[in-house]
Amino acid sequence: MGLDDIRRRISAAEERAGRAPGSVTLIAVSKVQPEGRVTAVLDAGHRVFGENYVQEAQGKWPGWRARFPGVELHMIGPLQSNKTKAAVELFDAIHTLDRMTLARKLAQQIADQGRSPQLFIQVNTGDEPQKAGILADELPVFLSSCGDLGLSPQGLMCIPPEDADPLPHFRLLRRLAADHGLPNLSMGMSADFETAIAEGATHVRVGSAIFGARDYG
Ligand SMILES: *Cc1c(COP(=O)(O)O)cnc(C)c1O
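Residues numbered from 1 in each chain as written. Predicted model: local features only at pLDDT ≥ 70, side-chain atom pairs only at ≥ 80, totals over all residues. Heavy atoms only, no water.

Draft legend 1. Local environment of the site of the ligand. As a matter of local geometry, the ligand sits amid 13 residues, with Lys-31, Asn-52, Ser-190, Gly-207 and Ser-208 nearest to it. Between the ligand and Lys-31, the relevant distance is 2.8 Å, taken from an oxygen atom to a side-chain nitrogen or oxygen of the residue. One of the side-chain nitrogen or oxygen atoms of Ser-190 is found 2.5 Å away from an oxygen atom of the ligand. When isolated, the ligand has an accessible area of 390 Å², and the protein chains bury 88% of it. For the shell around the ligand, the per-class residue count stands at six nonpolar, four polar and three charged. (Near = heavy atom within 4 Å. Polar contact = N/O pair within 3.5 Å; in protein donor to acceptor, adjacent residues only side chain to side chain. Areas by Shrake-Rupley, 256 points an atom, 1.4 Å probe, with all protein chains shown as cover. Nonpolar A, V, L, I, M, F, W, Y, C, P; charged D, E, K, R; others polar.)

Now the structure itself:
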């Protein structure tokens, strides 16, 4: 299990960047991983996890939550509008607010359920046509529309283009968050979380480096 190693590397990256110890939250991304690997990380005391699929998370986490109190669950995958109710029931944070239709559904569920997951807006920092996320140019209008719905997202999230240097994308996300006074930055995965921490990440999403490779078999 790579948890201890990743924790050490996060602490070292915080120190190198002159950031306070513990200022970065490690989200252990457990999607598709076999039960034994996830319970090993729970047994080691880790409590913050990320999932990509509402249905998969619904199947796994109620049971684990009963056994391991204090779990904090983050939705980091694309959220279909028809899964909004389940997502608001299950997750403590949603990193993938990426369109107005979803914002409206979330606002409705938050009002109905009286539960308010922390919200991050996904930004398409690479302007990739196939990728989800708000374009940087559209962020001011999107934020103000969220405000009209009574939503107050507290952070931004990005997934840099594959095979590209992630650094300019992390820098852009940091600048956008600063421009809008948003305190949280969800960026950095197994291959680049140390770079993301140097650029101000508050939440890193690390899967395979903790649990091992995913087997989608
Ligand atoms: C799967 C996934 C991760 C984790 O990826 P690793 O490379 O295994 O660390 C992080 N963020 C998102 C959005 C993901 O879908």
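Moving on from the coordinates now.
Draft legend 2. Quick look at the UniProt feature "domain: Alanine racemase N-terminal" (unreviewed entry) in the protein. Within this numbering scheme, the UniProt entry marks residues 3–214 as carrying the feature "domain: Alanine racemase N-terminal" (unreviewed entry). For residues 3–214, the helix share is 43%, the strand share is 16%, and the end-to-end C-alpha distance is 16 Å. (UniProt positions renumbered as here; feature names shortened; annotations may be inferred. Helix = DSSP H or I, 4+ residues; strand = E, 2+ residues; numbered from the N terminus.)

Draft legend 3. Looking closely at the packing of aromatic side chains. Applying the stated criterion across every chain, the model contains two aromatic pairs. Here the aromatic rings of Phe-49 and Trp-61 are separated by 4.8 Å at their centres, their planes lie at 45°, and the arrangement is tilted. Residue Phe-49 is found in strand 2 (residues 48–51), and its partner Trp-61 is found in helix 3 (residues 54–67); the two are separated by 12 residues along the sequence. Judged by its relative accessible area of 0%, Phe-49 falls in the buried class. (Phe/Tyr/Trp six-rings, centres within 6.5 Å; stacked < 30°, edge-to-face > 60°. Buried < 20%, exposed > 50% of the residue type's maximum accessible area, 1.4 Å probe, protein only.)

Draft legend 4. How the structure looks around helix 6 (residues 139–148). For helix 6, the complete set of buried residues consists of Leu-139, Phe-142, Leu-143 and Cys-146. Around the axis of helix 6, the buried residues are gathered within 100° of arc, so they sit on the same side. Exposed and facing more than 90 degrees away from the buried side of helix 6 are Val-141 and Asp-148. Where helix 6 terminates, the next one or two residues include Gly-150, which has phi positive at roughly 85°. (Arc of directions from axis to C-beta.)

Draft legend 5. Seen up close, the state of the cysteines. Taken as a whole, this structure holds zero disulfides when the rule is applied. Here Cys-146 is not disulfide-linked; the sulfur of Cys-158 is the nearest cysteine sulfur, at 18 Å. (Disulfide = S-S within 2.5 Å.)

Draft legend 6. Spotlight on the nonpolar core. Ranked by size, the top nonpolar core spans 60 residues in total, and within it Phe-49, Trp-61, Phe-91, Leu-97, Leu-156, Val-204 and Ile-210 carry the most contacts. Filtering out sequence-adjacent residues up to four positions away, Val-204 remains in contact with Ile-10, Val-24, Thr-25, Leu-26, Ile-27, Met-187, Gly-188, Phe-193 and Ile-197. (Core = buried A, V, L, I, M, F, W, Y, C linked by side-chain atoms within 4.5 Å. Contact = heavy atoms within 4.5 Å.)

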